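This is what each chain is made of:
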Amino acid sequence: MPPWVLEEADAAAVLGVVGELTTAESIDEFARLAMVGLRRLISCIDISYNEMNPSAGRIEWMAEPANPRMADFTPVFSRLMRQNPLVGYFERTADTRAMMWSDLVPFEQLRRTELYQEMFRPLGIRSQMAMIVPTPPGIVVGFAANTERPRFSERDRAVFNTLRPHLAHGYRSIQLRDLVRRSPGWTGALADEHGVVHAVTDDADELADRAGVVLEAGQPLPDAMRASFVEGVTGYRASDPAVLSAATRLSEEAGGVAGWHVPGPVGPHVVVVQTQVDDMSRRMADAGLTRRQTEVAIELVGGGTNAAIAARLGIAEGTVRKHLEQVFRALDVTDRASAIARIRGW
C-alpha cells in the first residue's frame, strides 16, 4: 500500500506545529507544545508524552488534556507496561515509525491482558498509536495517542510520521542544549544551513580564550567545522531522525578541542564543542608529549600497525614511527605493549 499523502491543509497545519516546536526552551515545554499540536491535528481522547525504562519498570509521563487519574494508573502501568505491545515493540526494534496496537496484535488478545483491564478499559480506550524518538538502548521516549475508536486512520498515521523527524530533531536539540548548559567543558551553538552561528551558550568566551576557537552570533563556524557542518546539513534526508556527527578537529592549536553537529529537518542546527582537554590528554601533556604525539599514543591504544595509525591521522608512516619513539621515551618504556599498558593504566 502506498504511503498516505496529506492534504494541503493538513500539511500546512503540520508545518505550523513544527514552527511552534522551535520556540521550546526545555523538554517539558517541547512535550507540551507537541501534545497540543498533535491534538489539533488528530481526533483522540488524549496525547501523552512518555519517558520509560521498561527493565526498571519506571515511567515519567504527562498528557494533554491533563488527566488527574494518571497518578492512580502510574503504578499499574509501571508494573505491566510490557503488556502494551507497542512498548515491547519499540524497546526491541527502536523503530521510530508510528505504530498502532492493531499493527501488532488482535484487539481480543490485548483485551485479555491485565494492563488493558486495569487501565485502558476504565479509561474507555480501544486503540493506541505511538511513535518514539531515538534514545539510548533500554530507554523508550515518545508520544502516544488514545482513542475510543477501533483504530486510527491512515491519515492520522501520516500526521505522526510527517512530524516524526521534526520531533526527533527537536528532542535531540533541546537535550544537547541542556547538556551544554549543565555540563562544564562544553560549549553549544545554533547555526543555520550555511554554517552561520545564530546563538551560543554563555561559555563561548572561555572557548575562545582557552583554545582560540571562536563561536560568535552572526559569524560563520570555524572553517573545519563549517565544511563538515554544511556537508551534513546538505546530505541530511528529512525522513531521518537527528543524529550526532563524527568529531571534527577544529584547529591544530586547539589543544584537543573537537566539535560535533546535529543536522536535522529544520534549522537552526545544533553544534557542540568540547572546550576542555580530557584527562588522558592532560596526563600525556604532563608527561611531555606534544598534541600530535598524544594523538599517536591514543591511536596506538586503539590498535593497528603504524600504517593503520598513519591512515587514521592522515600523516606519513615514517612520521608515526618518529612520534612513537618520543612516546616510548616520555613514558619510559621500550615497546608497544608496555606503552599501551601504561596508557590504559592512566
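Everything below is about the structure shown above.
Residues numbered from 1 in each chain as written. Predicted model: local features only at pLDDT ≥ 70, side-chain atom pairs only at ≥ 80, totals over all residues. Heavy atoms only, no water.

Trainee: So what about the overall build of the protein chain? Which residues, and what values?
Mentor: Looking only at helices and strands, the protein chain has 15 helices and 10 strands in total. When the 346 residues of the protein chain are sorted by exposure, 47% land in the buried category. Of all intrachain contacts in the protein chain linking residues separated by at least 6 positions in sequence, the fraction that spans at least 24 positions is 59%. Accessible surface, the protein chain: about 16,900 Å² in total, of which carbon and sulfur atoms supply 53%. (Helix = DSSP H or I, 4+ residues; strand = E, 2+ residues; numbered from the N terminus. Buried < 20%, exposed > 50% of the residue type's maximum accessible area, 1.4 Å probe, protein only. Contact = heavy atoms within 4.5 Å. Areas by Shrake-Rupley, 256 points an atom, 1.4 Å probe, with all protein chains shown as cover.)

Trainee: Summarise helix H4 (residues 85-93); cite the residues concerned and give the values.
Mentor: Looking only at H4, the buried set comprises Pro 85, Leu 86, Val 87, Gly 88, Tyr 89 and Phe 90. Taking the backbone nitrogen of Leu 86 as reference, a side-chain oxygen 2.9 Å away marks Asn 84 as the first, capping residue of H4. The positive-phi residue at the C-terminal boundary of H4 is Ala 94, with phi of around 60°. (Polar contact = N/O pair within 3.5 Å; in protein donor to acceptor, adjacent residues only side chain to side chain.)

Trainee: Any chance you could break down the sheet that holds strand S2 (residues 58-64) for me, citing the residues and the numbers?
Mentor: One open sheet accounts for 5 strands, arranged S2-S1-S5-S4-S3; its pairing is antiparallel. Every other strand in the sheet has two partners, leaving S2 and strand S3 (99-100) as the edge strands with one partner each. Note that strand S1 (residues 46-53) and S2 share 7 bridges and pair antiparallel. Bridge pairing in S2 links Met 52 to Ile 59. Across the face of the sheet, helix H2 (residues 27-41) comes into contact with S1, S2 and strand S5 (140-147) while running at roughly 50° to S2. Here helix H3 (residues 70-80) sits on the sheet in contact with S1 and S2, set at roughly 140° to S2. (Pairing = 2+ DSSP bridges. Axes fitted to C-alpha atoms, helices over the stretch in contact; angles between N-to-C directions.)

Trainee: Quick rundown of empty space enclosed by the protein? Include the residues and the values.
Mentor: Left-over empty space is what a probe sized like a water molecule reveals as it rolls over the atoms. Tallied over the entire structure, the rule returns 1 cavity of 30 Å³ or more. Here the largest cavity defines a volume of roughly 290 Å³. The wall of the largest cavity is formed by 30 residues, among which Ser 48, Asn 50, Trp 61, Gln 128 and Ala 144 lie closest to the centre. Those elements that place two or more of their residues in the lining of the largest cavity are S1, S2, H3, H4, helix H7 (114-120), strand S4 (127-133) and S5. Top contributing element to the lining of the largest cavity by residue count: S5, with 6 residues. Taken together, the residues of the lining of the largest cavity break down into 21 nonpolar, 7 polar and 2 charged. (1 Å grid on protein atoms, 1.4 Å probe; cavity = no way out; pocket = protein on both sides within 12 Å on 5 of 7 lines; lining within 4 Å. Points joined across faces, edges and corners; volume = space filled by probe spheres on them. Nonpolar A, V, L, I, M, F, W, Y, C, P; charged D, E, K, R; others polar.)

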